[in-house]
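Understanding the architecture of this molecule
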Amino acid sequence: MAERFTKSMARNIYLGGSAFFVLLFLALTFDTQSRAMPERDNRDQITEQVVRGKHVWEENNCIGCHTLMGEGAYFAPELANVFDRRGAGDSEVFKSFMNAWMNAMPTNVPGRRQMPQFNLTDQEIEDLAEFLEWTSKIDDNNWPPNIEG
Amino acid sequence: MRYESQRVAMPYFIFALILFAGQIVFGLVLGLQYVVGDFLFPEIPFNVARMVHTNLLIVWLLFGFMGATYYLVPEEAQTELYSPLLAWILFWVFAVAGTLTILGYLLVDYATLADVTMNKLLPTMGREFLEQPTITKIGIAIVAVGFLFNILMTALKGRKTVVNIVLVTGLVGLAALWLFSFYNPSNLTLDKYFWWFVVHLWVEGVWELIMGAILAYVLIKITGVDREVIEKWLYVIIAMALISGIIGTGHHFFWIGPPEYWLWLGSVFSAIEPLPFFMMVLFAFNMINRRRRNHPNKAAMLWAMGTAVMAFLGAGVWGFLHTLAPVNYYTHGSQITAAHGHMAFYGAYVMIVLTIISYAMPIMRGRPYGNSNTAQVLEMWGFWLMTISMVFITLFLTGAGILQVWLQRIPESGQALSFMATQDNISLFYWMRLVAGCFFLGGLAVYFSSFFIKGQASPAEEVRGPATEDA
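Residues numbered from 1 in each chain as written. Chains lettered and ligands numbered in written order. Predicted model: local features only at pLDDT ≥ 70, side-chain atom pairs only at ≥ 80, totals over all residues. Heavy atoms only, no water.

On to the overall build of chain B, then. Helix and strand counts for chain B stand at 16 helices and zero strands. On C-alpha atoms alone, chain B measures out to a radius of gyration of 22 Å, which is about the 23 Å that the 2.2 N^0.38 rule sets for 471 residues. Along the longest, intermediate and shortest principal axes, the C-alpha atoms of chain B span 70 × 50 × 45 Å. A burial count over chain B gives 65% of its 471 residues as buried. Sequence-distant contacts in chain B: of pairs separated by 6 or more residues, those separated by 24 or more amount to 83%. Entry remark: accessible area of chain B is about 16,600 Å², with carbon and sulfur atoms responsible for 73%. (Helix = DSSP H or I, 4+ residues; strand = E, 2+ residues; numbered from the N terminus. Rg over C-alpha atoms; globule rule 2.2 N^0.38 Å. Buried < 20%, exposed > 50% of the residue type's maximum accessible area, 1.4 Å probe, protein only. Contact = heavy atoms within 4.5 Å. Areas by Shrake-Rupley, 256 points an atom, 1.4 Å probe, with all protein chains shown as cover.)

Residue and element names in this part refer to chain B. Per the stated rule, a full pass over the model turns up seven cavities of 30 Å³ or more. Together, 14 residues line the second largest cavity, and Leu62, Met66, Ala144, Phe147 and Leu174 are the ones closest to its centre. The set of elements that each furnish at least two residues to the lining of the second largest cavity consists of helix 2 (46-77), helix 5 (134-157) and helix 6 (162-178). Among the elements that make up the lining of the second largest cavity, the one with the highest residue count is helix 5 (five residues). Of the residues contributing to the lining of the second largest cavity, the split by class is 14 nonpolar, no polar and no charged. (1 Å grid on protein atoms, 1.4 Å probe; cavity = no way out; pocket = protein on both sides within 12 Å on 5 of 7 lines; lining within 4 Å. Points joined across faces, edges and corners; volume = space filled by probe spheres on them. Nonpolar A, V, L, I, M, F, W, Y, C, P; charged D, E, K, R; others polar.)

What follows is about the pattern of salt bridges. In total, this model carries 20 salt bridges over all chains according to the counting rule given. Among the ionic pairs, A:Lys7 bridges to B:Glu228, the shortest N-O distance being 3.1 Å. Residue A:Lys7 is found in helix 1 (residues 7-40), and its partner B:Glu228 is found in helix 8 (residues 227-248); the two belong to separate chains. Under the relative-accessibility criterion, B:Glu228 is labelled partly exposed at 43%. Between A:Glu58 and A:Lys54 there is a salt bridge, with the nearest N and O atoms lying 2.7 Å from each other. With a gap of four residues between them, A:Glu58 and A:Lys54 both fall in helix 2 (residues 48-59), about one helical turn apart. Comparing A:Glu58 with A:Lys54 shows no difference in burial state: the two are buried. (Salt bridge = Lys/Arg side-chain N within 4 Å of Asp/Glu carboxyl O.)

Before going further, it helps to examine the nonpolar core. B:Tyr70 and B:Trp207 are the most contacted members of the largest nonpolar core, which has 203 residues in total. Considering every element that reaches this core, the biggest residue donor is helix 7 (residues 188-223) of chain B, with 26 residues. Each of domain 1 (10-40) and domain 2 (42-149) of chain A accounts for three or more of the residues forming this core. Once residues lying within four places of it in the same chain are set aside, the contact partners of B:Trp207 are B:Leu61, B:Leu62, B:Phe65, B:Leu174, B:Trp202, B:Phe345 and B:Tyr349. Grouped together as the second largest cluster of nonpolar side chains are five residues, B:Phe254, B:Trp255, B:Ala325 and B:Tyr329 included. (Core = buried A, V, L, I, M, F, W, Y, C linked by side-chain atoms within 4.5 Å. Domains from an automatic or database assignment.)

Turning next to the layout of surface pockets. Here the largest pocket is characterised by a volume of approximately 730 Å³. Lining the largest pocket are 32 residues, and of these A:His66, A:Ala76, A:Pro77, A:Trp101 and A:Met115 lie nearest its centre. Taken together, the elements giving at least two residues each to the lining of the largest pocket come down to helix 3 (82-87), helix 4 (91-104) and helix 5 (122-136) of chain A together with helix 15 (419-425) of chain B. Residue contributions to the lining of the largest pocket peak at four residues, all from helix 4 of chain A.

Moving on to the domain arrangement of chain A. Residue and element names in this part refer to chain A. Its domain assignment divides chain A into domain 1 (10-40) and domain 2 (42-149). Surface buried jointly by domain 1 and domain 2 totals about 450 Å² across both partners, of which 28% is contributed by carbon and sulfur atoms. Scanning the region where domain 1 abuts domain 2 turns up one salt bridge. In this structure, Asp139 and Arg40 form a salt bridge, with 3.6 Å as the shortest nitrogen-oxygen distance. (Buried area = accessible area lost by both parts, 1.4 Å probe.)

Each partner contributes to the interface: chain B provides 90 residues, whereas chain A provides 72 residues. Carbon and sulfur atoms supply 62% of the area buried between chain B and chain A, which totals about 6,800 Å² over both sides. Here chain B and chain A share six salt bridges between them. A salt bridge links B:Asp424 to A:Arg112; the shortest N-O distance between them is 3.1 Å. Counting the contacts that link chain B with chain A gives 42 residue pairs in polar contact (both at pLDDT 80 or more). By residue class, the composition of the side of chain B that touches chain A is 52 nonpolar, 23 polar and 15 charged. (Polar contact = N/O pair within 3.5 Å; in protein donor to acceptor, adjacent residues only side chain to side chain.)

Residue and element names in this part refer to chain B. At a minimum axis distance of 8 Å, the contact between helix 11 (residues 298-320) and helix 13 (residues 335-364) shows a crossing angle of 160°. Taken together, the axes of helix 11 and helix 13 are roughly antiparallel relative to one another. Crossing handedness for the pair helix 11 and helix 13: left-handed. The residue makeup of the contact of helix 11 with helix 13, split by class, is 18 nonpolar, eight polar and no charged. (Axes fitted to C-alpha atoms, helices over the stretch in contact; angles between N-to-C directions. Parallel < 35°, antiparallel > 145°, perpendicular 65-115°, else oblique. Left-handed = near helix turned anticlockwise from the far one by under 90°.)

A few words on the packing of aromatic side chains. For the structure on display, the rule yields 58 aromatic pairs over all chains. With centroids separated by 6.2 Å and ring planes inclined at 85°, the aromatic side chains of B:Phe65 and B:Tyr349 adopt a geometry described as edge-to-face. Of this pair, B:Phe65 sits in helix 2 while B:Tyr349 sits in helix 13, and the two are 284 residues apart along the sequence. Considered together, B:Phe65 and B:Tyr349 belong to a single accessibility category, that of buried residues. When the ring centre of A:Phe75 is taken as reference, the NZ or CZ atom of A:Arg113 above it lies at 4.5 Å. When the ring centre of B:Tyr34 is taken as reference, the NZ or CZ atom of B:Arg433 above it lies at 4.9 Å. (Phe/Tyr/Trp six-rings, centres within 6.5 Å; stacked < 30°, edge-to-face > 60°. Lys NZ or Arg CZ within 6 Å of the ring centre and 35° of its normal.)

The UniProt record annotates "domain: Cytochrome oxidase subunit I profile" (unreviewed entry) at residues 1-422 of chain B. Structurally, residues 1-422 of chain B is divided into 75% helix and 0% strand, and its ends, taken at the C-alpha atoms, are 55 Å apart. (UniProt positions renumbered as here; feature names shortened; annotations may be inferred.)

Residues and elements named next belong to chain B. With their axes 8 Å apart at the nearest point, helix 8 and helix 10 (residues 274-289) run at an angle of 165° to one another. Considering the angle they form, helix 8 stands roughly antiparallel to helix 10. The crossing of helix 8 and helix 10 is left-handed. For the pair helix 8 and helix 10, the contacting residues are Val229, Ile230, Trp233, Val236, Ile237, Met240, Ala241 and Ser244 in the first and Leu275, Pro276, Met279, Met280, Leu282, Phe283, Asn286 and Met287 in the second. Here the residues of the contact of helix 8 with helix 10 sort into 14 nonpolar, two polar and no charged.

So this is what it looks like as structure tokens:
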């Protein structure tokens, strides 16, 4: 680099640049969280059941195989839209699907990917279904592109 | 090695490499489960193997960073480490806690682990990469505080070089951002948003400071180029990293709830994220071309060039490949993401830790000019085998990802293949990835074997002053 460009100029770009963008990021975070998100994530519909469902989701490490809104492992299907895919957007249909599915695991088909049997209670399965239904209704800029996730 | 206390880096490096081996073994288990779905089921289901694979990576890189810090901070500060004893105590605390956590993953099922570690009191588990029981997370925070205390006390009492300032800034950032791992609100969109404050702001933020500082240190040592020049480069690189990377977090906010302006912000800023990595390539090659000495440790120089190039390819090029929102709409959460993740972590962070190990380990073993020629040749074979295998792993996953997008994402609902049907269709790529993974393990074995070759390089192999032929 040219001699005219000194080390202290480089340091000032680093300090000034990072300070500016940290502040900008905080301001954007504030705007996102206080103004935009309440309208997009239906937080008024987060019931006790949804909260319990999120704990079921976490305590069984579902993210270790599945993606949720595209984040997670890529070994098993996307579940942010499973309410639409498997429940056709109907709570009762989805709950009975979830009940049948969770109790049928694992399939034990030789050579196929296996989902463990988590021994969830009926209540836990229903909570999980509620959590996934709420998740499916978050405004996520229309992702995924189609029903297959 | 000027200061006896630098030697405390040794156990950190050795333990890091042991965990690295474990990470690769579990990587192969996962690769096989991708094609033989019921392999090791139900003993080690996929989610457990993946958790072990990714957590081992994170923990061994942290061990590597800490080892690097203990080695270079005293030398840069020109003083002994504040407390070698504290460094040893924290080593054992972290090693035991890390091992117990991994054993916990493997020996009890995850829900039980959550139960016995009282996750209910402060639920933080079950989120990708942050699967550790809350008590382990607290342990990591305590180790980080003790570590930072030791390092700050050392750095502050001695010479304050740019390398030390940047490294310590990165480490403080790492520890501070870790606190977001304790924030797990019941609103999933909030949870995800702040989860990225750990994950993105680590790997595309403060870790780049750590990487830049380690690379700068090794380049000062092996090229003999004037510190002023190297420090100027370092400032420019980390300036670009933070200027692009902080708002670049937006590329993770496209499809998890935040508003549409992130589509623009994330796309534009992450499009400049390759720049700091490109500058690292220029930096490494420029300094080596302008070297004032020919250090006999050729292997360390190879790692230093390798990490710059592979970080640029993996983090820079493969990141840019799918970072623009209209592209990411189709590729988000596909095998393209996995391809990028593998090469980026290997190129930037695995290789920078192996760079400092390659430079510092021989010195700590009483070989100031590096290992013997035979050992270096073997180490370089390890370098090429692992690096080329990783290139192929990345290419095969990219192939799988492109096909996945083509079959599963692009067609309309009704015509698109289901996730599982798509997986069946792309299994050939997974098989090839598995073969490349086996070569990686072979490369790792060759690399490890280089540590067991006796002998050292002699100062006579170094040509001082203007290099003889190619300068």
